[in-house]
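Listed here are the chains, written in short residue letters.
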Amino acid sequence: MNILNYINGQLIAPVSGQYLDNINPAEGKVYGNIPDSDSADVTKAVESAAAAFPIWSAMPLTKRANILLKIAELIDRDLDKLALAESADQGKPLKLAKSVDIPRASANLRFYATASMHVSTESHLMEGEAINYTTQTPIGVAGCISPWNLPLYLFTWKIAPALAAGCTVVAKPSELTPMTAFLFSKLCIEAGLPAGVLNIVHGLGNKVGQAIVEHPEVSVISFTGGTVTGKRIAATAAPMFKKLSLELGGKNPNLIFADCDFDQAVSTSIQSSFSNQGEICLCGSRILVERSLYNKFIAEFVKRTKELIVGDPLEENTRVGALVSEAHMNKVLSYIELAKSEGGEIICGGKQVSLSGRCENGYFVEPTVIAGLDQTCRTNQEEIFGPVVTIMPFDTEEEAINYANSNAYGLSATIWTENLKRAHRVSHQIKSGIIWVNCWLLRDLRTPFGGMKQSGVGREGGWEALQFFTETKNVCIKL
Ligand code: TXE
């Protein structure tokens, strides 16, 4: 299927007339193509967004919110079709796309549409002398750039608060997973989103993404992706004084204390290690186990890892699907080789999986558990972003916290303990933006979301995301 750009309310070809292959990673085959857009397409998109801004930003809140709620309704209506597209593009099990990705995309729109109608601003009385009041107004044209791991979920994660805040948007999905963004643009047309309010330009990051970031009329940038790209975007945006939100990588610790609820800790750790083939920035890729529980935990964890079915994403009982691309599969496999060279012991998995039938040329890797490494090696310092976890013992709480904090990332952490005081004490000492205790990936959209250190700048998700797309003004009036 030919994917088209969505600019000024129309589905149109790229100015260059050039296209890129769109590959289904489970089959290792081209199944469509996407516009190979460039700065000419971005210029048209920004012009449309700028022209639509006065109308959209002045639209009554309820009217704006109702359009977003209509889009959410259409996402729910087309759940199966969108889930199939998500799975075809990214390689994730269809079951996961149906249960997580697509429902959370409509939840994003519903949350921000309704939240935008309940935003309050402040006023401050100065001892009878003057009164201050604060206004929040949408900044203007927002650039939203999203990654390939949770395509529609993270695409709407940025677009929903931007539109709800009254900004207009130029968005770019990952060139690896463009299909649901294309289907989403059709739903926006069907829902009556006014022309130019949202513009979607498909193509490569260093062409289209870079053009969005450097366009002088794009005033605010929301990005999710790799830390390397985040640095490059920051370098472009900073001298242009653009407001910037960067949600980057993670290398998240999963701390298992001996007093944990063992079965819960093991079963949830399987999820936090291998969901979406480990291609979630919040995955717990470093498992740290209190020594007295270490052997028992490893035995059970490896047993259940081996039970995971690596297979055709369309099959009902597949738990580990295809990695997103051949290049990413090779990157993940290279990290497994690196782990061995650093003295790691592969205690299960470690190899590419060759399937038969439809998926014989797909990109599949076994869920892999690696022991015997210390916290300083590259395998434990760098984000692998695949179905690969390391596991190691610790003796004291202090040692566990030091290990947890021992790399440049600080996105999330999970802690398994039934000791309430320890849960609070350890949570407060781990340098991560998100801490889960006896659970994982439980999200309340009212809470801030984002990392510390090299995991990001700014906060997405929750009220803060709405405010991120606005600028405040304080008016002080003498009484
Ligand atoms: O991300 P990129 P990739 C991590 C993960 C992964 C690594 C690279 O470790 O292996 O990042 O993944 C666009 N200006 N995460 O290559 O390159 C690009 O087109 C503007 C963690 O997919 O960061 C895509 O739309 N945009 C992350 C988006 O940026 C540019 C999820 C992300 O691509 C650009 C994904 C540029 N110069 C990967 N270059 C998470 N935190 O969830 C690229 N892009």
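Structure: see above.
Residues numbered from 1 in each chain as written. Predicted model: local features only at pLDDT ≥ 70, side-chain atom pairs only at ≥ 80, totals over all residues. Heavy atoms only, no water.

Trainee: Would you mind going over the pattern of salt bridges with me for this structure?
Mentor: Enumeration over the complete set of coordinates arrives at 23 salt bridges. Its salt-bridge partner being E366, residue K351 comes within 3.8 Å of it at the nearest N-O pair. You can see K351 sitting in the loop between β14 (345-348) and β15 (352-353) and its partner E366 sitting in the loop between β16 (364-365) and β17 (368-371), a full 15 residues away along the chain. The exposure class of K351 is exposed, given its relative accessible area of 51%. Under the relative-accessibility criterion, E366 is labelled partly exposed at 22%. The residue E397 makes a salt bridge to R422 at a minimum N-O spacing of 3.3 Å. Linking E397 in helix α13 (residues 397-404) with R422 in helix α14 (residues 420-429), this pair joins segments that are 25 residues apart in sequence. Note on R422: relative accessible area 15%, which makes it buried. Ionic contacts of the salt-bridge type, sharing partners, join the residues D259, E397, R422 and R425 into one network. (Salt bridge = Lys/Arg side-chain N within 4 Å of Asp/Glu carboxyl O. Helix = DSSP H or I, 4+ residues; strand = E, 2+ residues; numbered from the N terminus. Buried < 20%, exposed > 50% of the residue type's maximum accessible area, 1.4 Å probe, protein only.)

Trainee: Please clarify how the nonpolar core should be interpreted in this entry.
Mentor: Generally speaking, soluble globular proteins have nonpolar side chains that are buried together. Counting 75 residues, the largest nonpolar core has I75, I159, V169, F184, L198, L282 and F469 as its most contacted members. With ten residues, the top contributor of residues to this core is helix α5 (residues 151-164). Counting the residues that make up this core, at least three belong to each of domain 1 (5-248 + 455-478) and domain 2 (253-444). Apart from the residues within four sequence positions on either side, I159 is in contact with C144, V169, A171, F184 and L198. Counting residues in hydrophobic clusters, the runner-up holds 29 residues, among them A26, F297, V369 and V389. (Core = buried A, V, L, I, M, F, W, Y, C linked by side-chain atoms within 4.5 Å. Domains from an automatic or database assignment. Contact = heavy atoms within 4.5 Å.)

Trainee: Any chance you could explain the site of the ligand here in plain terms?
Mentor: Near the ligand lie 27 residues; those nearest to it are W148, E175, L248, K331 and E383. With respect to the ligand, the side chain of E247 contributes an N or O atom lying 3.5 Å from a nitrogen atom. One of the side-chain N or O atoms of E383 is found 2.6 Å from an oxygen atom in the ligand. Protein burial of the ligand: of its 810 Å² of free accessible surface, 88% is covered by the chains. The set of elements that each furnish at least two residues to the shell around the ligand consists of α7 (205-214), β10 (218-224), α8 (227-237) and α11 (326-341). Mapped onto the domain boundaries, the shell around the ligand takes at least three residues apiece from domain 1 (5-248 + 455-478) and domain 2 (253-444). (Near = heavy atom within 4 Å. Polar contact = N/O pair within 3.5 Å; in protein donor to acceptor, adjacent residues only side chain to side chain. Areas by Shrake-Rupley, 256 points an atom, 1.4 Å probe, with all protein chains shown as cover.)

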